[in-house]
Structures are given as C-alpha cells and as structure tokens.
Amino acid sequence: MRKLFAGSLVVAAAGSIAAYSQPNDVIYEGARLIIGDSSAPIENGAFVVRSGRITAIGPKGSIKAPSGAAHVDLTGKTVMPAMNNVHVHMGYEGYLSWSVENHTPENVLDHLEREAFYGVGTALAMGEQPTDFAIEFQQNQLAGKFPPAARFFFAAGMAPPGGGPDSLLIQGTGPLHAVYEVSTPDEAVAAVRKIAAKKVNELKFWVDNRDNTRGSMKKMPPEVYTPLIEEAHKQGMIVHAHATNLEDQKGVVKAGVDVLVHTLVAEKVDDEFIAILKAKKPYWAPVMGLGDRSELCDGDHGFIEQVLPDSVIADVKAGKTWLPSPPCSAPASPQFIQREENLRYNFPKYIAAGARIVLGTDAGVSAKYSFGFAEHHEIGMYVRLGLTPAEAIVASTSRPVEVLRIKDTGVLAMGKRADFIVLNANPLDDIRNTREIDAVYLYGARLDRAALQMKFKQARGGSR
Ligand SMILES: [Zn+2]
C-alpha cells in the first residue's frame, strides 16, 4: 500500500488538489464500510475510486475491479467517511502565541492541515474571518493552490458594536474588523444584504450576557436578531446563533435560527424550551469539550501529544493557556461539577426533543482543545451523554454537510468524493476507535500524515 502511493505523495507536495487525486482506478477491498448515514455498515466491502470520486461501492465480490485498477487490501480495517466540522475559529492560534499577527493564509492552512491529519474533510470557520480574506482563501484553495488539507468554509459574523466573540477571540476579530457590528434592525438587515451580495452562504450572530458589560453595553435583542434571521433566510443563508443561557436559547430558536450553538451549562432545560425545540428541530452544535478537563491531564494522551510542541503540552498541564483554564492539578470546581450534571440532564432532552446534533468544536481558542483532536473528544462526549457510536458518526460525517449545503462528501457512496478514514478498529464497538487511524484519504489521495506530524511538532508562532 505504501509503495503504491509513494509517487502520489511527491505530486501532493507540489500542491495542486487537481494533481493529487489519483487519475487511475483504485479498488479498496476487505474493510468494514461505515456509510455515514443511518444505514447498516457493509462488512467485508469494496469500493472503487477514480479521479478522487467513489465510482462503485458494495460487498466485496459484488464489485468488479476495473481492468488495470490498483488493488489495496484493507482486510481487518474499518473505513468511515471523513468528519466534517461546522464550528472552528481559524488563523489566530500559533501554539506558542495566540495573536492577530498569526492570522495569515499560511496559518489558516496549517489549521486545515491539522484537521485533515485527524480525519476531518471540511471545517467551517465561525464568524472570526474578515470576509474578503476568507473569500480569497477559499477561491485559492478551490483553484488547487494549496497542499492537501480540510476544505475551508466560513460564516460571516455579526454582533453589537464591541461585542460578540469571547475575551480572547475578540483580540483577533477586533483589530481585523472581522465581525459586522449592528445595533438596530435596519443595520442588521443592511449588513445581511451586504454579506449576501458577496455570495456568502453562512452567517453567525452572538447573543451573550457578557455584551451587557462590554463596548456595546447591550447584547443583541430579539428585535434585532429576528429581522436579521428573516432577511438571511430570504437571501438563502444558513444562520448560526451563539446563545448560552436558557432565555437566549429559547429566543433564537423561536426566531427560527438554523443552527443553535452551545449548550446550557449553568441551567437546566424547561418544558417551554423543550416545546420550542420540538416545534423547530434546529441543528445543534453543542461545542461542549472546550469546557471539559483536558485529556492531557489523564491517562494515555499520545493521540494529542503527537501534534503539539512539548512546551505547549507542559503549558496546558500547568494551566498556562491563552483562554484561562485550570491546571491538571486543580480539583474540580463546584461550577465544573454542576456543569457536568447539567450536561447529563440536558443533552438527552435536546436530542429527544428533535435537536439535530452536528459536530462543532470551537477549536482555535485554546491549545487544550485544538484542531483535529478536539473532534474525537467531542464525539466521545456525545456517546458519554447518551448517543450510540453510530449516531455520533452520523453527527460528525453526513449531517454537517447538510449545514454546509454541499452534496459531494459526508457519506461513502457512488459519486461522492473519496474523503475517508481507514481505522484499525471498529468505532461502532467503541467510539474511541475513531482514534485508531491508519490512513486519511481526501479526494482519493492518501495524506502524508508522517510529514505533517513532523511539521506540527515544531515550535511555531514565536515565543512567549
Ligand atoms: Zn465559537
């Protein structure tokens, strides 16, 4: 298998997406195939890939290898679609620094490569990118100017003047004027039209009590976000809302937001909210793991350490992170214990009410919970809180592409891009098996994970 792909890696290094897909047929045989929707896996399956796309898939034996096809034996392996993440913050994290100075195309690309390394095929930047920068980056990636990485998508961000992103992220978005600032319904509608004119499909707005104490002096009220959502829908956009308390979550879901972001950590859901969720059935990106204890604190954490510089690992353990987090040595705070109790209470209720969970991580504000490995922790939490592994896989593969409104990835099926992860163990048995990565393929090409890992381990972004 390695030998087969040695040539393609050289091409990959040259950088073109068009060039790195395999022009000739390759048949992958013998693996368990997890499709990514709710259908049953194919035990002992086979699929054919040509020019980056799946051209046939089924039980081994039912799929004929095209003449001249290369054979890849995946006996004993499990294949699942690449994951897709609808909530990250790219460009500012430098690991040794976190800064607006780090925000370059090269650094956004680095973050997308980190996502790809861990089996993520697309990542949606959520409101922190300056629009014109993001459009240009996306066009360059589509044109094949960058080496293989997760595909970049972005949402424009909207908030009251001086409000929106958290105390760290705003240090990046503020100087770059990345967030559209609006105070009135008219300003919100005008901003939505301005964004729509640039053919941007996704929009995020923030509703947060912290904005009552910041520059804006007032968090975004329903009188502003309701016409904002209506106009965005008229323009054919998907709208994501950051809301962290019960009152605001009720408000934004009632107003018709497509994707609810965050979950209640200090409150429990009530009957009124359950009824609203049942009526609206929003997509829901709970982005819970950032508030969890770092995996670096406990047990075996080679899965994370493989991509972080050693000094960063030591800093996370010591609680020296840009976004404040407790050191590993700190006992669990009463708030943390309450949070976990509320998550256990609330999570199954959101799901039972029809909230359609989609993978998002909030990666990009803390090395503790960063690009790529955060996904594996997050879907582990879904299972810890009540989903089956199969449901967690749907939430992280096929459902996010509904939010991205793309049809070319997210499942293993004929005509889809060959974006997939080869695993050494079956995640349907234990969700932690998504970490047993043998290989990642994007658009039919095997990622050079060893080379990427060497790059990631190097200290970058200056010194503290
Ligand atoms: Zn976020």
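Throughout what follows, the structure given in this document is the object of discussion. (Residues numbered from 1 in each chain as written. Predicted model: local features only at pLDDT ≥ 70, side-chain atom pairs only at ≥ 80, totals over all residues. Heavy atoms only, no water.)

### With respect to the side chain of S294
Here is step 1: In this fold, S294 is placed in the loop between strand 13 (283-285) and helix 10 (302-305).
Here is step 2: Engagement of the side chain of S294 in a polar contact is seen with the backbone nitrogen of L296, the distance being 2.9 Å.
Here is step 3: Setting aside residues up to four positions removed in sequence, S294 forms contacts with V316 and K368. (Helix = DSSP H or I, 4+ residues; strand = E, 2+ residues; numbered from the N terminus. Polar contact = N/O pair within 3.5 Å; in protein donor to acceptor, adjacent residues only side chain to side chain. Contact = heavy atoms within 4.5 Å.)

### Some details on the nonpolar core
Here is step 1: Among the nonpolar cores identified, the biggest contains 99 residues, and M158, F205, V252 and Y382 are the most heavily contacted of them.
Here is step 2: By size, the runner-up hydrophobic cluster in this structure holds 19 residues, among which are Y28, F47, V72 and L74. (Core = buried A, V, L, I, M, F, W, Y, C linked by side-chain atoms within 4.5 Å. Buried < 20%, exposed > 50% of the residue type's maximum accessible area, 1.4 Å probe, protein only.)

### Notes on the state of the cysteines
Here is step 1: The final tally for this structure, using the stated rule, is 1 disulfide.
Here is step 2: Sulfur-sulfur distance for the disulfide between C297 and C328 comes to 2.0 Å. Its S-S torsion of about -80 degrees marks the bond between C297 and C328 as left-handed, since a negative value means left-handed. A residue pair is termed long-range when its members are at least 10 positions apart, and C297 in the loop between strand 13 and helix 10 and C328 in the loop between helix 11 (310-317) and helix 12 (334-352) qualify at 31 residues. (Disulfide = S-S within 2.5 Å.)

### Considering the pairing of strand 10 (residues 202-207)
Here is step 1: Within strand 10, 6 of the 6 residues are buried, which leaves it mostly tucked inside the rest of the structure.
Here is step 2: Burial along strand 10 is two-sided: E202, K204 and W206 facing one way and L203, F205 and V207 facing the other are all buried.
Here is step 3: Pairing analysis gives 6 bridges linking strand 10 to strand 11 (residues 238-243), with the strands arranged parallel. What sits directly across from L203, in strand 11, is V239. (Pairing = 2+ DSSP bridges.)

### Some remarks on the coordination of the zinc ion
Here is step 1: Distances from the zinc ion to its protein donors, H87 (NE2), H89 (NE2) and D362 (OD), fall within 1.9 to 2.2 Å.
Here is step 2: The motif formed by the donor residues of the zinc ion, counted along the single chain, is H-x1-H-x272-D. With respect to burial, H87 and H89 carry one shared label: buried. (Donors = N, O, S within 2.8 Å, 3.2 Å for Na, K, Ca; no water.)

### As for the packing of helix 8 (residues 246-254) against helix 9 (residues 271-280)
In helix packing, the relevant descriptors are the interaxial angle and the interaxial distance, both defined with respect to the helix axes.
Here is step 1: Running from amino to carboxyl end, helix 8 crosses helix 9 at an angle of 25 degrees, the nearest separation of the two axes being 10 Å. With respect to helix 9, the element helix 8 is oriented roughly parallel. Remark: the crossing between helix 8 and helix 9 carries left-handed chirality. Where helix 8 approaches helix 9, its residues L246, Q249, K250, V253 and K254 are matched on the opposing element by E272, F273, I276, L277 and K280.
Here is step 2: Each residue belonging to the contact of helix 8 with helix 9 can be placed in one class, and the counts come to 5 nonpolar, 1 polar and 4 charged. (Axes fitted to C-alpha atoms, helices over the stretch in contact; angles between N-to-C directions. Parallel < 35°, antiparallel > 145°, perpendicular 65-115°, else oblique. Left-handed = near helix turned anticlockwise from the far one by under 90°. Nonpolar A, V, L, I, M, F, W, Y, C, P; charged D, E, K, R; others polar.)

### Examining helix 12
Here is step 1: Here helix 12 spans 28 Å end to end across 19 residues, near enough to the 27 Å set by a 1.5 Å rise per residue.
Here is step 2: For helix 12, the complete set of buried residues consists of R339, E340, N342, L343, N346, F347 and Y350.
Here is step 3: At its buried positions, helix 12 is contacted by helix 8, strand 12 (259-261), helix 9, strand 13, strand 14 (356-357) and helix 13 (373-384).
Here is step 4: Of the residues one or two after helix 12, G354 is the one with positive phi, at around 105 degrees. (Expected span 1.5 Å × (residues − 1).)

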